[in-house]
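Observations on chain architecture
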Amino acid sequence: MDSKQISEGENWDIVIRAEKSPFALRLQEIWRYRDLLTLFVKRDFVATYKQTVLGPLWFFLQPVLTAIVYSVVFGFIARLSTSGYPRILFYLSGIIGWSYFADCLTKTSATFLTNQNLFGKVYFPRIILPLSVVTTNMIRFVIQLTVLAIFIVYYNITGLKIIPNEYALLLPFLLVLMACMGLGFGTLISSVTTKYRDFQFLVAFGVTLLMYFSPVLFPLDSPQVQNNETFRTILLLNPMSAIIETMRFGLLGKEGNFELWGLLGYSIAFTIVLLIIGLYMFNRVQRTFTDTV
Amino acid sequence: MSKTVIQVSNVSKQYRLGKIGSGSFNDDLTRWWAKLRGKEDPFLKIGEVNERDKKGQSDYIWALRDVSFEVVEGEVLGIIGKNGSGKSTLLKILSQVTLPTLGEVKIKGRVASLLEVGTGFHPDLSGRENVFLNGAILGMSKKEIRSKFDEIVDFSGVERYIDTPVKRYSSGMKVRLGFAVAAHLDPEILIVDEVLAVGDAEFQSKCLGKMKNVAGSGRTVLFVSHNIYAIRTLCTRAILLENGSIKMSGDTDEVANAYVFSNRNLNEDKLVHAWKEGHGRFEGGELLEAKLESPDPVLSKKTALNCSVTLIIENDPEMVGLTMHLLNEDDLVVFASTSLEDLGIRLAQGRSRLEVIIPSDLLNTGTYRIRLMMVRKNRAILRADDVLIFTINEIAEKDERLFQKKKGIVRPALKWSLTSAE
């Protein structure tokens, strides 16, 4: 066997060893694989509605159908407050925002499990897959936003005045915030579920629960929230609350003062901490997960 | 000396056997507790040699233990070993799919690893879309794939189906398309795991040819296969893994021979020139003895081999004949010969002794085994494997180059003559 030979020049391209800093994000490498990212996005897009007649129309139909169901159940039957907005607009705006966050979370949280076969055979920066999920959903979010726009235009034609105000400009920022939050939760959960899958069962349940404790159904100024201190506290602790409220405030053009800066600050801080923990865990797990998955 | 492009030093990999559940959770806690107190991982001290067919004491095994080797630029290194010897683990570490428990690997240059053909194919996407996806997964840029697309499709031979979803493909077509993409990777180092085992004969030879091209173009290749023939033809050097450690490394032919022998639990000491005992009974008779008329089972190529078999027929023989198979190291039957066909010898009742001569200057150097079969009406009624085992050695000649093994299954001494010269 060859013993330790001194090789000329110690500039190795790849060094594989057990100890590696879990904080090394290796952004350069991710950049090198950007084509893979776009191809994953394309794959997810094309593959989702293959063999359906309506095809991409489902992107529009899904939130609209859900909004109709919510309008009937929570609005018409349960008579929950919609802060004075038309029901469809109220629920649709909430659903579009929420489903972006929820999809990012649930899909990225299954990263390791659904791709174990791929990860076991070939190396590429694992973070590419969660990033592709976030990007795919982002495109979908933008498409769904046009549905909301169509509804707003419709209401304006029928005489109701709903004009987005300057806070709608916060939307891109909110989108990134949601993406980071979904990514943070998702990477954290996917790291924990590779070895012990118990968490996997909690994800879907947890996301649904979180939605009930968010302004998607209960706006902050509704009597249910105002009159119940515990419920109000939980709602304010939900990092998505500020985002949903701000989206509605801007897009549906609410009158009055914008009082959400504090809450938004909380969401931002929460997201930053969460994302750091999530990426740290993800990086730690990705190195050896093929052995334990 | 050419430069080292892969340096593997003291690589070990530990795996935990059994299920992951509350038991492994306990171990995790113990490990975490040890780490918290700044102590070494307690489970690294235990662990057994990985012997697949033996029941062990510990839940921890070393799939690889202290593996070190180097690969220089342009080398084609074959890695051989039985199932579970650590080949795949080694390749996984080299292709960064998993990390070693101890030790390190250093690599210079762009690596492409092909542990599976068609990794990441999406069944709902068309062949065209999958070529791009698969190429990107293997590390190609879109531009690169686009420029090679026609070549890839051409190589795969599935042009007609290129816009059909891959789920409608036959498994062979999928493999073809997958290998075609991989074959057009342009890495400095290529790591290939047993991909030739799939696909039809035509495609296999196409793949082998492509691999030869890659190897010939000065790129470094690491190749794992059970196909000893492929290893012999492609590799310049080989490593034999056994139970997670390197058992042998060096010249491809030597290592390949060692592997073939270790597989059969045979070694040089077990060469037999005479066989006598047991297992020779068949319906209506017994095989008594087989012998090479040479006291030494190591022979020169220049000597003819006289092989004799003694047997007894007890009952009335009805077309009973003796068949001999000569097998080489790769388990290939070099030739078969039967007493019935060649000489029309039908064995009479009683004790007989048959002799056959394997001519000189026919076999190539190497180790050969003789299998004897008793045949009645074209049906084998007895099969005795490895009855005689012998080695043909090269005899020293003036020309040094002749010490190398020549290509070919047989090596007959043919007469060459010059019929015209100007």
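Throughout what follows, the structure given in this document is the object of discussion. (Residues numbered from 1 in each chain as written. Chains lettered and ligands numbered in written order. Predicted model: local features only at pLDDT ≥ 70, side-chain atom pairs only at ≥ 80, totals over all residues.)

Looking at the overall build of chain A
Each helix and strand in chain A was counted, giving 14 helices and 1 strand. C-alpha extents for chain A along the principal axes are approximately 85 × 45 × 35 Å. By sequence separation, contacts in chain A at least 24 residues apart represent 82% of the contacts at least 6 residues apart. (Helix = DSSP H or I, 4+ residues; strand = E, 2+ residues; numbered from the N terminus. Contact = placed C-beta atoms within 7 Å.)

Comments concerning the sheet that holds strand β20 (residues 379–393) of chain B
All names here are of chain B. Strand order in this open sheet of 5 strands is β14-β20-β19-β16-β17, and the pairing throughout is mixed. Edge strands, defined here as strands with exactly one partner in the open sheet, are β14 (298–300) and β17 (333–338). Sheet twist, expressed as the average angle between the axes of neighbouring strands with direction ignored, equals 30°. Note that β14 and β20 share 3 bridges and pair parallel. Looking across to β20, one finds that Val298 is bridged to Thr391. (Pairing = 2+ DSSP bridges. Axes fitted to C-alpha atoms, helices over the stretch in contact; angles between N-to-C directions.)

Focus: the environment of Val225(A)
Residues and elements named next belong to chain A. In this fold, Val225 is placed in helix α10 (residues 223–226). For Val225, a count of 19 C-beta atoms within 10 Å corresponds to the partly exposed category. Separated by 14 residues in the primary sequence, Val225 and Met211 have C-alpha atoms spaced 14 Å apart. If sequence neighbours within four positions are ignored, Val225 has contacts with Phe218, Leu220, Phe231, Arg232 and Leu235. (Buried ≥ 20, exposed ≤ 12 C-beta atoms within 10 Å, placed from the backbone.)

Re helix α2 (residues 34–48) of chain A
Taking 1.5 Å per residue, 15 residues should reach 21 Å; α2(A) reaches 21 Å between its end C-alpha atoms and fits that length. For α2(A), the complete set of buried residues consists of Leu36(A), Leu37(A), Leu39(A), Phe40(A) and Arg43(A). End-on, the buried residues of α2(A) take up no more than an arc of 165°, which puts them together on one face. Packed against the buried residues of α2(A) are α7 (128–157) of chain A together with α3 (127–137) of chain B. (Expected span 1.5 Å × (residues − 1). Arc of directions from axis to C-beta.)

Re the packing of helix α8 (residues 171–193) of chain A against helix α12 (residues 239–251) of chain A
All names here are of chain A. Interhelical geometry of α8 versus α12 gives an angle of 160° and a closest axis separation of 11 Å. With respect to each other, α8 and α12 are oriented roughly antiparallel. Here α8 and α12 pass one another in a crossing that is left-handed. Between α8 and α12, the contacting residues are Leu171, Leu174, Leu177, Met178 and Met181 on the first element and Pro239, Ile243, Thr246, Met247 and Gly250 on the second. Taken together, the residues of the contact of α8 with α12 break down into 8 nonpolar, 2 polar and no charged. (Parallel < 35°, antiparallel > 145°, perpendicular 65-115°, else oblique. Left-handed = near helix turned anticlockwise from the far one by under 90°. Nonpolar A, V, L, I, M, F, W, Y, C, P; charged D, E, K, R; others polar.)

Some words on the sheet that holds strand β8 (residues 220–224) of chain B
All names here are of chain B. Ordered in space as β6-β7-β8-β4-β9-β10, the 6 strands form an open sheet in which the pairing is mixed. The open sheet terminates on both sides in strands that have one partner only, identified here as β6 (111–114) and β10 (245–251). Across this sheet, the average inter-strand angle for adjacent strands is 15°, counted without regard to direction. Relative to β8, strand β7 (residues 189–193) is paired through 5 bridges, and the arrangement is parallel. Paired with Asp193 across the bridge in β8 is Val224.

Observations regarding the interface of chain B and chain A
You'll often see interface size given as the accessible area lost when the parts meet. Chain B puts 44 residues into the contact, and the matching count from chain A is 32 residues. When residues of the side of chain B that touches chain A are traced back to their parent elements, those giving at least two are β1 (4–16), β3 (60–72), β5 (102–107), β6, α3 and β10 of chain B. Counted by class, the side of chain B that touches chain A contains 20 nonpolar, 15 polar and 9 charged residues. Bridge count between strand β1 (residues 14–17) of chain A and β5(B): 4 bridges; the pairing is antiparallel.

Remarks on the packing of α8(A) against helix α9 (residues 198–212) of chain A
Residue and element names in this part refer to chain A. Contact geometry for α8 and α9: axes closest at 8 Å, N-to-C directions at 150°. With respect to α9, the axis of α8 lies roughly antiparallel. Regarding α8 and α9, the two cross each other, and that crossing is left-handed. In contact with Ile189, Val192 and Thr193 of α8, α9 contributes Phe199, Gln200 and Val203.

With respect to the pairing of β8(B)
The element β8(B) is extensively covered by neighbouring structure, given that 5 of its 5 residues are classed as buried. Both faces of β8(B) are covered, namely the face carrying Thr220(B), Leu222(B) and Val224(B) and the face carrying Val221(B) and Phe223(B).

Comments concerning the pairing of strand β16 (residues 320–327) of chain B
A regular strand places its side chains on the two faces of the sheet in alternate fashion. Residues and elements named next belong to chain B. Sheet topology places β16 next to strand β19 (residues 366–376); 8 bridges connect them, and they run antiparallel. By the bridge assignment, Met324 is partnered in β19 with Leu372. For β16 and β17, the ladder comprises 5 bridges, and the chain directions are antiparallel. Within β17, the residue paired with Met324 across the bridge is Ser337.

Concerning helix α5 (residues 171–183) of chain B
Residue and element names in this part refer to chain B. The terminal C-alpha atoms of α5, which comprises 13 residues, lie 18 Å apart, in line with the 18 Å expected from a rise of 1.5 Å per residue. Among the 13 residues that make up α5, 11 are buried, leaving the element largely enclosed by the rest of the structure. What α5 keeps buried is the set Met173, Lys174, Val175, Arg176, Leu177, Gly178, Phe179, Ala180, Val181, Ala182 and Ala183. For α5, the elements touching its buried residues are β6, α3, α4 (142–156) and α6 (201–216).

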